[in-house]
Amino acid sequence: MFKTPIRTFSVSARQSLKIGLIPADGIGKEVIPAAKAAIIALGSDIPKPEFIDLSAGWETFTRTGVALPDETVQILRDECDCALFGSVSSPSRKVVGYSSPIVALRKKLDLYANVRPVVSVAPEVDQKPAVDLIVVRENTECLYVKEETLTEGPNGKEARASRLITERASRRIGQMAFELANARPRKHLTIIHKSNVLSVTDGLFRETVRGVTSLPDVNGKYNGVTIAEQLVDSAVYRLFREPEIFDVMVAPNLYGDIISDAAAALVGSLGLIPSINAGDNFVMGEPVHGSAPDIEGKGIANPIASIRSAALMLRHLGYVKGADRLDLAVNQVIREGRFLTPDLKGTSTTDEVLQAVLSKI
C-alpha cells in the first residue's frame, strides 16, 4: 500500500468533493465508472463526492475536431477539486490538428509530477512485498514538448525532435522526489539519466536534482536520504534482476514513462498500477494502462488500477482513511485470487472484480 501523501491540499473541511471524470477512450469508459463506484462506497470517510463528466480523447477529436475542449480545462480549473482520467487512443501516425489530451492537460494544469507506485501484494498480510518502489516522472518537458521537424536532406527524409530540460522543472521534480524518499523507511533516491551520452540535457537534470539538497530553504532536511544514480539502460536491467534495490526513482519524462511501464511487469499487469499527475494546486488520478482497444467493450478490463488511482488521489488530498480502505480492499481481492480479470490469468469480468472490491470496503 502506498501510504506517503505527496503534498496535502487544504480541502479537508469541504462539505463536498468535486471530482472531474474524464473516461476518454477505450477501456477508460469501463474502468472510470468502477473508480467512481468505489469512491461513493467510502461514505462519510470523505466529503460527499460530486462528479462532473467531462470530454477529451481521440473519439472527442473525431467528433468535434478538438481532442481537449477548452470547456473541459476551464471546468477542471474553476469547479473541480481533483479529477480522474481514463485512457486515450492516440494514433501512432501524425494527424493534423490532433495532440494527446493527457499530455496537454498536464501542461495546462501544471501537473508537473507523475507519481507511480509499484507495489507487489505479499501472499500474507504481515509479509514484506517483494517490490515496493515509486517512479517519480517529470511530466511537462523532455521529448514530450513535441517539437519535431521533417525535412529533405542528402540522405532523404530527415526527422528531428527537440528535447527540453530546464532547471526549474528538474528542481521541482527533484524536490518532490526527495520529499517522497524522506518520508519512506529506506530513504533512498535513485536519479535516472543518460548523461554519459546526453551530457548537456541529462547532465542538467542530474546536477539540478542533486542540487536540491543545497537549496537555501532545505536546511539539511534531506540529510538522511541516500542518493544513488543509474544510467537508464542499466536501471531497466537491474529493475528486472534486483528490483529490491530501488526505493524512489526520479527521471525525466521519457525515461520515467518507460521505467514505470516496465516495473508494472514485476507485479503482474499494467492493470494493477495507479498514478497521479500532481501539481501544487491540483491532482488527477490516472491508471497507467492504455485504452486497450483489443478488449474494449468485452467487459473484462481490470478496474484495479483505476480504483488504486482514486485512492492515490484521495491520499494526496489528505483523505487517508478513505484511501486506506480502497487499498486494503483491493489488496484483499488480489490476495484471495478468486476474482481476477484475464490480464492476471483469471476469468472474472470488470463488474465481478468491482463487486468483490466493494464487498471489502
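The rules we used
Residues numbered from 1 in each chain as written. Predicted model: local features only at pLDDT ≥ 70, side-chain atom pairs only at ≥ 80, totals over all residues. Heavy atoms only, no water. Helix = DSSP H or I, 4+ residues; strand = E, 2+ residues; numbered from the N terminus. Polar contact = N/O pair within 3.5 Å; in protein donor to acceptor, adjacent residues only side chain to side chain. Contact = heavy atoms within 4.5 Å. Pairing = 2+ DSSP bridges. Axes fitted to C-alpha atoms, helices over the stretch in contact; angles between N-to-C directions. Phe/Tyr/Trp six-rings, centres within 6.5 Å; stacked < 30°, edge-to-face > 60°. Buried < 20%, exposed > 50% of the residue type's maximum accessible area, 1.4 Å probe, protein only. Lys NZ or Arg CZ within 6 Å of the ring centre and 35° of its normal.

## Some thoughts on the side chain of R106
Then, in step 1: Its place among the elements puts R106 in helix α4 (residues 101-108).
Then, in step 2: Looking at R106, its side chain comes within polar contact range of the side chain of N139, at 3.5 Å.
Then, in step 3: Setting aside residues no more than four positions away along its own chain, R106 makes contact with L111, N114, R137, N139, T140, N277 and E286.

## With respect to the sheet that holds strand β3 (residues 82-87)
Then, in step 1: One open sheet holds the ten strands; their spatial order is β2-β1-β3-β12-β11-β4-β5-β10-β8-β9, and the pairing between them is mixed. The sheet is open, and its two borders are formed by β2 (48-53) and β9 (226-231), each paired with just one other strand. On average, each strand axis in the sheet is inclined to that of its neighbour by 25°, with strand direction left out of account.
Then, in step 2: In the packing of helix α7 (residues 232-241) onto the sheet, the strands contacted are β5 (132-138), β8 (188-193), β9 and β10 (248-251), and the crossing angle to β9 comes to about 105°.

## Quick notes on the packing of aromatic side chains
Then, in step 1: Evaluation of the coordinates by the stated rule reveals four aromatic pairs.
Then, in step 2: The interplanar angle of 25° and the centroid separation of 5.5 Å between the aromatic rings of W58 and F61 together place this pair among those described as stacked. Linking W58 with F61, this pair stays in helix α2 (residues 58-64), spanning three residues, or about one helical turn. Across the pair, exposure class does not vary: W58 and F61 are buried alike.
Then, in step 3: Seen from their ring centres, W58 and Y98 are 5.1 Å apart, and the 80° between their planes marks the pair as edge-to-face. Here W58 is found in helix α2, whereas its partner Y98 is found in the loop between β3 and α4, with 40 residues between them in sequence. For the pair shown, W58 and Y98 are each scored as buried.
Then, in step 4: Among the aromatic residues, ring-to-ring pairing joins W58, F61 and Y98 into one connected group.
Then, in step 5: Across the ring face of Y144, the terminal group of R137 is positioned such that the distance to the ring centre comes to 5.3 Å.

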